[in-house]
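Residue-level structural notes
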Amino acid sequence: MKVKKLLFLFFTIICLTLSLSGQTTSFTFTNQIKTAGLSPKVDSIAGHGAAWGDIDGDGWQDLFVGVFGFEDRTNMLFRNKNGKFIFDDQEVFRISTVSTGMVFSDLDNDGDLDLYITSMPEKSADEGGMSRLPNRSTGNRLFQNDGKGNFKDISEASGACPSDLGGRSVAVFDYDGDGLLDILAGSDPRPEEWHSRFQSTTSRLFKNLGNLKFEDVTKEADIPDSVPGYGAVSCDFNNDGWPDFFLASSDGGNKLYINNKNGRFYENEELNKLFHWQWTGGSNMVCGVAVGDINRDGLMDIVLGSHFLLPWTYPQPVRLFLNRGEVDGKLGFEEVTLQAGLPPIHIKTPHVEIQDFDNDGWPDISTSAVKFKGDLIYPIISKNLGVSSKGIPKFLTDANDVNDFPTVEEMNYERTNKQSDFFLKIQREKRITYSAPGPSCDYNNDGLLDLFEPCWWPEFSSLLLRNETDNSNNWIKIRVQNVNGINSMGVGCKIMIYKEGKSGDNKELIGCNEICLSNGYASGQTAIVHFGLGEISNVDIKIILPHNKGEIIRRNVKSNQLLIIN
């Protein structure tokens, strides 16, 4: 055992040495913002949200970009045509918003993707407001898809966008097992910051009644008052077949709610102390929450990302919590941030995701932070090197070391100048940057996950980071659609990948994940689950349907394909 530990440590040191010498990093990305057709439209946009989804059913993932409506900026929709993007200037999206959470989902089970976005509604001057935007921003909005990717605003009649609601995050899942996707809208813990007409900090649950009509069932579901959510995510944490949810936030959030299977939830209060993030509150925020089986034990783990005011002075790591399952009926998590080698990062990391970016079979952790070395771009992704005997993964974050930010000179400049000037300086000099969202998606259908990061600062462009990591690893993508008894997108399905002929043998589990549309912060993902397979070319697949409605087994499935289960 000691020999194995020494060899593992030696391998980690060698990898780190190579990265610091400039010879290599774990991942290779290039910025395709211009060649893919997104720039200049996504330049200078105050971008604060992004969602992927195939709105017209052509097999290519389209992109919605949410903005804060400074200087008449409005949200934008781009259609993906064979990996190139075309701006679709639909009038319905020319509204002033403080967009954050957004997700494409089939809310009426008609086979196309509708769109829900969260936004903070500002007070009018008559209400004592003092708008930051030229046109007072609206609150949450719901848009219906006509099946061809053309949208209609149905917010007012839907019941999911009441006038007293403003939001920061959204998760969609079928909480009660009726086959319809419901909406959880996470609230802002500090609504007064945006002079919001909505002063409550209570996140809200909207039950889907069918035909795009919703009912607020927050109280009936036993969701307490004053629990905000900068980030919201749903998955089955305790493997009982029913979707639970987590609300990430400073000032009263970072709480896990377990589904009682009767339309109600209960708070797992014993975990509140574990999930608490020291020194948070006010401008030191916890924003993003992502789920995934990071150590391949069949349990969904949690990663949290932060948005601290002075991260170059007080750098924070992303925090990793391993799901240890139920013992005596109680669900347990263990924080392993330090043991896993996740380093402090000297910039804000509000968005986080658990995805396999090099297809080696081990899920990595991405952030929305990016470092530069000359003209090369390095998204800060922690590479999963595998797990120890205790199931604790080890990570290598070599992109964090491609330059020496922050230097003493940079810290002195930050102390003697405006923070806005400091940000402009470090970006002009190509040192480091970050985005609020940073959703992953294989936008060019080549089997590698890419990243989109809309830029907040009006002086700079957004980033479309195409994954060009060089390896021969295999992969498989899985989509579940139109399976009887569940929602049309298969949201909540748990997908387990085994070595060929080993289905059900947990010792031979290659990967596990759930179909989830809203990981991280201000980001929406597709209903396609991506698994790296390394050198494995054929696998067995088990799909566990939500609400204990059965299983689907596929054996001897070839790699390097999109497998559609229906």
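Residues numbered from 1 in each chain as written. Predicted model: local features only at pLDDT ≥ 70, side-chain atom pairs only at ≥ 80, totals over all residues. Heavy atoms only, no water.

**Some points on the pairing of strand β34 (residues 529-534)**
When you tally the buried positions in β34, you get 6 out of 6 residues, the bulk of the element. Alternating positions in β34 separate into two faces, Val529, Phe531 and Leu533 on one and His530, Gly532 and Gly534 on the other, with burial throughout. (Buried < 20%, exposed > 50% of the residue type's maximum accessible area, 1.4 Å probe, protein only. Helix = DSSP H or I, 4+ residues; strand = E, 2+ residues; numbered from the N terminus.)

**Here's the deal with the domain arrangement of the protein**
Annotation of the protein at the domain level lists domain 1 (45-467) and domain 2 (474-564). A C-alpha centroid distance of 22 Å is found between domain 1 and domain 2. With 70 residues of domain 1 in contact, the opposing surface of domain 2 contributes 36 residues. Across the domain 1 to domain 2 interface the summed buried area is about 3,600 Å²; carbon plus sulfur atoms make up 52%. A salt bridge links Asp442 to Lys477; the nearest nitrogen and oxygen atoms lie 2.9 Å apart. Taken together, domain 1 and domain 2 are joined by 25 residue pairs in polar contact (both at pLDDT 80 or more). Mapped by element, the contributors of at least two residues to the side of domain 1 that touches domain 2 are β2 (47-53), β6 (99-105), β10 (169-173), β14 (231-235), β18 (285-292), β22 (352-355) and β27 (440-441). (Domains from an automatic or database assignment. Contact = heavy atoms within 4.5 Å. Buried area = accessible area lost by both parts, 1.4 Å probe. Salt bridge = Lys/Arg side-chain N within 4 Å of Asp/Glu carboxyl O. Polar contact = N/O pair within 3.5 Å; in protein donor to acceptor, adjacent residues only side chain to side chain.)

**Some points on the nonpolar core**
Tyr116, Ile478, Ile541 and Ile543 are the most contacted members of the largest nonpolar core, which has 54 residues in total. Residue-level mapping places this core at the junction of two domains, with at least three residues from each of domain 1 (45-467) and domain 2 (474-564). Not counting chain neighbours up to four residues away, the residues in contact with Ile478 comprise Ile495, Ile497, Ala527, Ile528, Val529, Phe531, Ile541, Ile543, Leu562, Leu563 and Ile565. (Core = buried A, V, L, I, M, F, W, Y, C linked by side-chain atoms within 4.5 Å.)

**Comments concerning the state of the cysteines**
Within this structure, the stated rule accounts for 0 disulfides. Cys441 carries a free sulfur, and the closest cysteine sulfur to it, the one in Cys516, is 15 Å from it. For Cys441, a relative accessible area of 4% translates into the label buried. Summary of cysteine pairing: Cys493 is not part of a disulfide, and the nearest cysteine sulfur, belonging to Cys512, is at 12 Å. (Disulfide = S-S within 2.5 Å.)

**Some thoughts on the packing of aromatic side chains**
Counted by the stated rule, this structure contains 27 aromatic pairs. Each ring, one from Phe246 and one from Phe275, has its centre 5.1 Å from the other, and the planes form 85 degrees; the classification is edge-to-face. On the criterion of sequence distance, the pair formed by Phe246 in strand β15 (residues 244-248) and Phe275 in helix α3 (residues 272-275) is long-range, its members being 29 residues apart. The pair formed by Phe246 and Phe275 is uniform in burial state, with each residue classed as buried. Judged by centre distance (6.2 Å) and plane angle (45 degrees), the rings of Trp277 and Phe308 are tilted. (Phe/Tyr/Trp six-rings, centres within 6.5 Å; stacked < 30°, edge-to-face > 60°.)

**Details of the packing of helix α4 (residues 408-416) against helix α5 (residues 419-428)**
Packing of α4 against α5 brings their axes to within 8 Å, and their N-to-C directions diverge by 150 degrees. Comparing their axes, α5 and α4 come out roughly antiparallel. The handedness of the crossing between α4 and α5 is right-handed. Judged by residue contacts, Glu410, Tyr413 and Glu414 of α4 engage Asp421, Phe422 and Lys425 from α5. For the contact of α4 with α5, a count of residues per class yields 2 nonpolar, no polar and 4 charged. (Axes fitted to C-alpha atoms, helices over the stretch in contact; angles between N-to-C directions. Parallel < 35°, antiparallel > 145°, perpendicular 65-115°, else oblique. Left-handed = near helix turned anticlockwise from the far one by under 90°. Nonpolar A, V, L, I, M, F, W, Y, C, P; charged D, E, K, R; others polar.)

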